[in-house]
Amino acid sequence: MSSRRSRSSRQTGASMISEDQINDLVLQLHRLLPELGNNHRRSGKVSASKVLQETCTYIRNLNKEVDDLSERLSQLLESTDSAQAALIRSLLM
C-alpha cells in the first residue's frame, strides 16, 4: 500500500493527507462511536475499516432517527390547535 500511496502523493502533491493524520481521524471517530463499546475502547484493537463501517452505520441510524422524529413532530403539529403549533414552531426556530 505504501507504494500506491507514494505514487499517488507524487501525482497529487500537497493535497495528500498523511497516514498519521488518517490514523488520528480514525481514532477520533472510534471515540465518538457508542456501538464499538468500552471493551474495544480500552484495548484500542479495532481496525480502521471496522471504525469506518460503524461510522457509516451510525450516521445512517441517526438520519433515520431524525426522519422518524420529524415525522412524529409533523403529526403532533397537525393534531394541535394553531396557537400551540405556532408556539412549538417558534421554539424550534
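Note that the coordinates shown come from a computational prediction; the quantities given were computed from them, not determined experimentally.

### Here we look at the overall build of the protein chain
- Counting its secondary structure elements, the protein chain contains five helices and zero strands.
- Mapped from its N terminus to its C terminus, the protein chain presents α and β elements in the order α-α-α-α-α.
- Here the protein chain, with 93 residues, has 11% of them falling under the buried criterion.
- Contacts spanning at least 24 positions in sequence make up 11% of the contacts within the protein chain whose residues lie at least 6 apart.
- As displayed, the protein chain has an accessible area near 7700 Å², and 54% of this comes from carbon and sulfur atoms.

### Details of the UniProt feature "coiled-coil region" (unreviewed entry) in the protein chain
- Under the feature "coiled-coil region" (unreviewed entry), the UniProt entry names residues 52-86.
- Secondary structure content for residues 52-86 is 94% helix and 0% strand, while the C-alpha to C-alpha distance between its ends is 41 Å.

### Some details on the side chain of glutamate 54
- Relative to the helices and strands, glutamate 54 resides in helix H4 (residues 48-79).
- With residues up to four places along the chain from it excluded, the contact list for glutamate 54 reads Leu33, Glu35 and Leu36.

### Focus: the pattern of salt bridges
- Here the structure, examined in full by the defined rule, presents two salt bridges.
- The salt bridge partner of lysine 50 is glutamate 54, with a shortest N-O separation of 3.0 Å. Of this pair, lysine 50 and glutamate 54 both sit in helix H4, four residues apart, which is roughly one turn of the helix.
- Judged by relative accessible area, lysine 50 falls into the partly exposed class, the value being 33%.
- Ionic pairing is found between lysine 64 and aspartate 68, a salt bridge with its closest N-O pair at 3.0 Å. You can see lysine 64 and its partner aspartate 68 sitting in helix H4, four residues apart, about one turn around the helix.
- Residue classification places lysine 64 among the exposed residues on the basis of a relative accessible area of 52%.
- Given the relative accessible area of 38%, aspartate 68 is considered partly exposed.

### A word on the environment of glutamate 54
- For glutamate 54, a relative accessible area of 15% translates into the label buried.
- Between the C-alpha atom of glutamate 54 and that of leucine 36, which follows or precedes it by 18 residues, the distance is 7.6 Å.

### A look at a nonpolar patch on the surface
- The grouping of Ile17, Ile22 and Leu25 at the surface amounts to a nonpolar patch, some 220 Å² of accessible area in total.
- Here leucine 25 falls in the partly exposed class, since its relative accessible area comes to 43%.

Basis of the calculations
- Residues numbered from 1 in each chain as written.
- Predicted model: local features only at pLDDT ≥ 70, side-chain atom pairs only at ≥ 80, totals over all residues.
- Heavy atoms only, no water.
- Helix = DSSP H or I, 4+ residues; strand = E, 2+ residues; numbered from the N terminus.
- Buried < 20%, exposed > 50% of the residue type's maximum accessible area, 1.4 Å probe, protein only.
- Contact = heavy atoms within 4.5 Å.
- Areas by Shrake-Rupley, 256 points an atom, 1.4 Å probe, with all protein chains shown as cover.
- UniProt positions renumbered as here; feature names shortened; annotations may be inferred.
- Salt bridge = Lys/Arg side-chain N within 4 Å of Asp/Glu carboxyl O.
- Patch = residues over 30% accessible without salt bridge, like charges linked within 9 Å, V, L, I, M, F, W, Y side chains within 5 Å.

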